[in-house]
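Coordinates in review
Each chain, letter by letter, is given below.
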Amino acid sequence: MLEIQNLHKSFGQEKVLEGLNITVNKGEFLSILGPSGCGKSTLIHMIAGLESVSGGKILMKDREVKAPGTDRILVFQSGALFPWLNVKDNIAFGLSNVKADKKSQDRLGDGKSKKSKKDKFSDEEKEERVEELMKKVHLYRFRDKFPHQLSGGMKQRVSIARSLAMDPEVLLMDEPFSALDEQTKMVLHEELQRIWMDTKKTIVFVTHNIREAVKLSDRVLVMGSQPGKIIKDIPIPYAHPRKVTDPNLVEMEKVIMESLKDEIEKRRKEEFGDGYPVEASGVFSGPDYTMGDGI
Ligand SMILES: Nc1ncnc2c1ncn2[C@@H]1O[C@H](COP(=O)(O)OP(=O)(O)OP(=O)(O)O)[C@@H](O)[C@H]1O
Ligand SMILES: [Mg+2]
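As the structure is a computational prediction, the values presented were derived from the model and not from experiment.

Within this structure, the stated rule accounts for 5 aromatic pairs. Summarising the aromatic geometry, the rings of Phe-29 and Trp-196 are spaced 5.6 Å apart at their centres and angled 80° between planes, so their arrangement reads as edge-to-face. Highlighted residues: Phe-29 in strand E3 (residues 29-33) and Trp-196 in helix H5 (residues 182-199), separated in sequence by 167 residues. Note on Phe-82 and Trp-84: the rings are 5.3 Å apart at their centroids and 45° apart in plane angle, and the pair reads as tilted. For Phe-82, a relative accessible area of 22% puts it in the partly exposed group. Clustering of aromatic rings is evident, with ring pairs tying together Phe-29, Phe-177, Trp-196 and Phe-205. Directly above the aromatic system of Tyr-140 lies the positively charged group of Lys-135, at a separation of 5.1 Å from the ring centroid.

Have a look at this one:
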């Protein structure tokens, strides 16, 4: 479905990503886990076609990605809703841009787009899709509300529904729940698992939260930093939906923590020098392992 071959990215002199090779299979839930600044957002923006490639290739169904397209929709951390549109219209917004010929090369940005003009969905289908999605994310009652009248979790659900409305081949998610409180995050984890199981979408999910990655994914790619590269590819072979309390998942979290020890040590030395004890960093403590700013 999605193939990343020897991908490199530099910003000026700074080498951000080096030699990434990733294959994403159809219907897979793949998480990309890594510490802050390792290049996760840069990678997912490149897949979305929002950021240029410095070397290597990104292929979507054997065609090179060169621009954004409705086959790869990115859900941002902030939700990025239109404040002047209500829930229903926010979800419906992208639909008018989805063309019938999804196989045409225009979505890959090679300039041959003008040929396919027909909308993928009729007006009736659009209406139906939006209604169905509002129900799927439990926002039907709130369809006339505007973003400022919604909680953070509701806004993120609108954002997910809006992305699904466009019927992308791949849903790209960049830390979509990181700004939410724990309870809301847990509810949305359940919802995302359910939506994924219902729709069988391929999802590429960026996070620095180990527990979240283990709970949601079929496979976790662990990234190292400076420059960003894949250091581990870990399958999570347990049935969905999952509960965080499942002992198998707790064990997987430990395996991932173990695979990160060298990376954490590297960061610790860079930031604190040799004299700083690992225990004092608190990296291994707490119920919700993250690879965030604390490392
Ligand atoms: N447009 C840009 N111009 C220059 N440097 C950039 C740009 N975007 C990102 N970088 C740099 O690339 C590196 C990786 O950034 P990126 O945002 O991809 O990291 P991240 O893994 O998503 O981090 P976080 O977990 O904090 O979101 C950082 O050093 C950042 O400063
Ligand atoms: Mg980021």
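Picking up where we left off.
Another point: unusual backbone geometry. Peptide bonds are, in most cases, trans, and in most cases residues other than glycine have a negative phi. The step from Gln-226 to Pro-227 runs through a cis peptide bond, and the omega angle for that step is -10°. With respect to the helices, strands and loops of the structure, Pro-227 is situated in the loop between strand E9 (219-224) and strand E10 (229-235). The phi angle at Glu-175 is positive, at roughly 45°, despite the residue not being glycine. Secondary-structure assignment places Glu-175 in the loop between strand E7 (170-174) and H5.

In terms of strand pairing, strand E1 (residues 2-11) meets strand E4 (residues 55-60) through 5 bridges, oriented antiparallel. Residue Gln-5 lies in a different strand from E4, and its bridge partner there is Lys-57. Here E4 runs beside strand E5 (residues 63-64); their pairing, made up of 2 bridges, is antiparallel. From the neighbouring strand, Met-60 faces E5, where its bridge partner is Arg-63.

Moving on to the pattern of salt bridges. Throughout the structure, instances matching the rule amount to 15 salt bridges. The residue Lys-126 makes a salt bridge to Asp-123 at a minimum N-O spacing of 3.8 Å. Note that Lys-126 and Asp-123 are positioned in helix H3 (residues 123-136) at a spacing of 3 residues, about one turn of the helix. Of the residues examined, Lys-126 reaches a relative accessible area of 15% and is grouped as buried. Here Glu-190 and Lys-243 are joined by a salt bridge, their closest N and O atoms 3.6 Å apart. With Glu-190 in helix H5 and Lys-243 in the loop between E10 and helix H7 (247-259), the pair connects residues that are 53 residues apart, well separated along the chain. Linked through salt bridges whose partners overlap, the residues forming this network are Glu-28, Arg-219 and Asp-233.

It is worth spelling out the sheet that holds E4 at this point. The antiparallel open sheet is built from 4 strands, whose spatial order is E2-E1-E4-E5. With one partner strand each, in any of the chains shown, strand E2 (14-24) and E5 form the two edges of the open sheet. Where helix H1 (residues 40-48) meets the sheet, its contacts fall on E1, E2 and E4, and the angle it forms with E1 comes to roughly 120°.

Calculation notes
Residues numbered from 1 in each chain as written. Chains lettered and ligands numbered in written order. Predicted model: local features only at pLDDT ≥ 70, side-chain atom pairs only at ≥ 80, totals over all residues. Heavy atoms only, no water. Phe/Tyr/Trp six-rings, centres within 6.5 Å; stacked < 30°, edge-to-face > 60°. Helix = DSSP H or I, 4+ residues; strand = E, 2+ residues; numbered from the N terminus. Buried < 20%, exposed > 50% of the residue type's maximum accessible area, 1.4 Å probe, protein only. Lys NZ or Arg CZ within 6 Å of the ring centre and 35° of its normal. Pairing = 2+ DSSP bridges. Salt bridge = Lys/Arg side-chain N within 4 Å of Asp/Glu carboxyl O. Contact = heavy atoms within 4.5 Å. Axes fitted to C-alpha atoms, helices over the stretch in contact; angles between N-to-C directions.

By themselves, these observations are geometric and do not establish any function.
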